[in-house]
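# Geometric and topological summary
Spelled out from the first residue to the last, the chains are:
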Amino acid sequence: MEFIVLTIESTASTNDDVKQAALLGGPEGLVIRAETQRAGRGRRGRVWESPEGNLYASVLLRPPFPPRDYGKVSFAAVLAVGEALDSYLPPQAIRLKWPNDVLVDGKKISGILLESIEGGLVVGIGINILRKPEHAQYPATCLADRGTVAISDQTIPAVLNSFLSALDHWYGLLITEGFEPLRTAWIARAQKGTLRVRIKDADIEGVFLDLDSDGSLYLRSPEGTEHRIIAGAGDVLANEQGFSSA
Ligand code: BT5
């Protein structure tokens, strides 16, 4: 895929900018990156803190498959973030947490927000490079805290470029071969152990068992019951390190 990257200084949310460009007929592969966001957002209306020094970008995709399968693209994006960060962190430091978190030593370094639009999908990523929220509800980290490579002016564009080539790879594979190769790669890097998931008003705690062929999570509760949590239906609240993302 051909990516066209536009970099702007400040915006409300790069996801909104790409959505607007999509409505005007923007091409697949359009990427808008901002140095800072005034109204960066996470899932379900949560705030994504977006000070200068980090990566904030959104990519426009026009998947050749039906919207019911769009959720699988978040696994392509998560795998791509993991790979983009690999060369900056100690081996094994990165873990992928269901459904769409990237953790370093159990702390959140990145967030992914997928929003579908008529005829397309906006994939927004935030990666903490120099700054992390000091008072986040849950532990957060940034590359500068944990990285093994010095950060320079070139780090943000370089991380974005690696992310885009890895996204191209995993998204391409999803189109040509289906979800299975992504499922296998995701499980290999997954945060396992005990997770807690909120479904509507109830919390379910359990040990990670598997990822289903549609991206759903299988957990076994302490009483031995197996639960299947459909991607998008629940948020993982905590694992044994006490990390929460909801
Ligand atoms: C996410 O939401 O993790 C998705 C974040 C997506 C951000 C990108 S930036 C480019 C594009 N434009 C946007 O407006 N958004 C996308 P969620 O899983 O709901 O996590 C949000 C929670 O993470 C918050 O409630 C905080 O607890 C925490 N948080 C906020 N800012 C953070 C940061 N910079 N680093 C780590 N954690 C953060």
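Procedures and definitions
Residues numbered from 1 in each chain as written. Predicted model: local features only at pLDDT ≥ 70, side-chain atom pairs only at ≥ 80, totals over all residues. Heavy atoms only, no water. Helix = DSSP H or I, 4+ residues; strand = E, 2+ residues; numbered from the N terminus. Rg over C-alpha atoms; globule rule 2.2 N^0.38 Å. Buried < 20%, exposed > 50% of the residue type's maximum accessible area, 1.4 Å probe, protein only. Contact = heavy atoms within 4.5 Å. Lys, Arg positive; Asp, Glu negative; His and termini not counted. Charge placed at Lys NZ, Arg CZ, Asp CG, Glu CD. Pairing = 2+ DSSP bridges. Salt bridge = Lys/Arg side-chain N within 4 Å of Asp/Glu carboxyl O. Phe/Tyr/Trp six-rings, centres within 6.5 Å; stacked < 30°, edge-to-face > 60°. Expected span 1.5 Å × (residues − 1).

## A word on the overall build of the protein chain
A count of helices and strands for the protein chain gives five helices and twelve strands. Here the C-alpha radius of gyration of the protein chain, 17 Å, is about what a compact globule of 246 residues would show, namely 18 Å. Taken along the three principal axes of its C-alpha coordinates, the protein chain extends 50 × 40 × 30 Å. Taking all 246 residues of the protein chain together, 52% fall into the buried category. Restricting to contacts in the protein chain with at least 6 residues of sequence separation, those with at least 24 account for 64%. One way to put it: in the protein chain the 25 positive side-chain charges average out to a point 4 Å from where the 31 negative ones average out.

## Some remarks on the pairing of strand S11 (residues 226-229)
Sheet topology note: the strand S10 (residues 217-220)/S11 ladder contains four bridges and is antiparallel. By the bridge assignment, Tyr218 is partnered in S11 with Arg228. Taking the residues that link successive antiparallel strands as the turn, the S10-S11 hairpin has five residues, and the phi of Gly224 there is positive, at about 95 degrees.

## Observations concerning the pattern of salt bridges
Pairing between side chains of opposite charge can happen when their charged atoms approach one another. Tallied over the entire structure, the rule returns twelve salt bridges. A salt bridge links Arg41 to Asp16; the shortest N-O distance between them is 3.0 Å. Within this pair, whereas Arg41 is found in the loop between strand S2 (30-37) and strand S3 (55-61), its partner Asp16 is found in helix H1 (residues 14-23), the two being separated by 25 residues in sequence. Arg183 is the partner of Asp210 in a salt bridge, and the nearest nitrogen-oxygen pair spans 3.1 Å. One end of the pair, Asp210, is in strand S9 (residues 202-211); the other, Arg183, is in helix H5 (residues 180-188), and 27 residues separate them in sequence. Accessibility expressed as a relative area gives 28% for Asp210, which makes it partly exposed. Among the residues examined, Arg183 registers a relative accessible area of 16% and is labelled buried.

## Topic: the packing of aromatic side chains
Tallying each qualifying case throughout the model produces four aromatic pairs. Taken together, a centroid distance of 5.3 Å and an interplanar angle of 75 degrees make the contact between Phe75 and Phe179 edge-to-face. Here Phe75 is found in helix H2 (residues 72-86), whereas its partner Phe179 is found in the loop between helix H4 (155-177) and H5, with 104 residues between them in sequence. A relative accessible area of 6% means that Phe179 is categorised as buried. Here the aromatic rings of Trp186 and Phe208 are separated by 6.2 Å at their centres, their planes lie at 40 degrees, and the arrangement is tilted. Taken as a pair, Trp186 in helix H5 and Phe208 in strand S9 lie far apart in primary sequence, 22 residues in all. Accessibility classification places Trp186 together with Phe208 in one group, the buried group. Among the aromatic side chains, those forming a connected cluster through ring pairs are Phe75, Phe179, Trp186 and Phe208.

## What to know about H4
Count 3.6 residues to each turn of an α-helix, and residues three or four apart come out pointing the same way. Helix length check: H4, at 23 residues, gives a terminal C-alpha distance of 32 Å against a target of 33 Å (1.5 Å per residue), a fit within 8%. If you check which residues of H4 are buried, you get Thr155, Ile156, Val159, Leu160, Phe163, Leu164, Ala166, Leu167, Trp170, Tyr171, Leu173 and Leu174. Immediately downstream of H4, the backbone of Gly178 shows phi near 90 degrees, a positive value.

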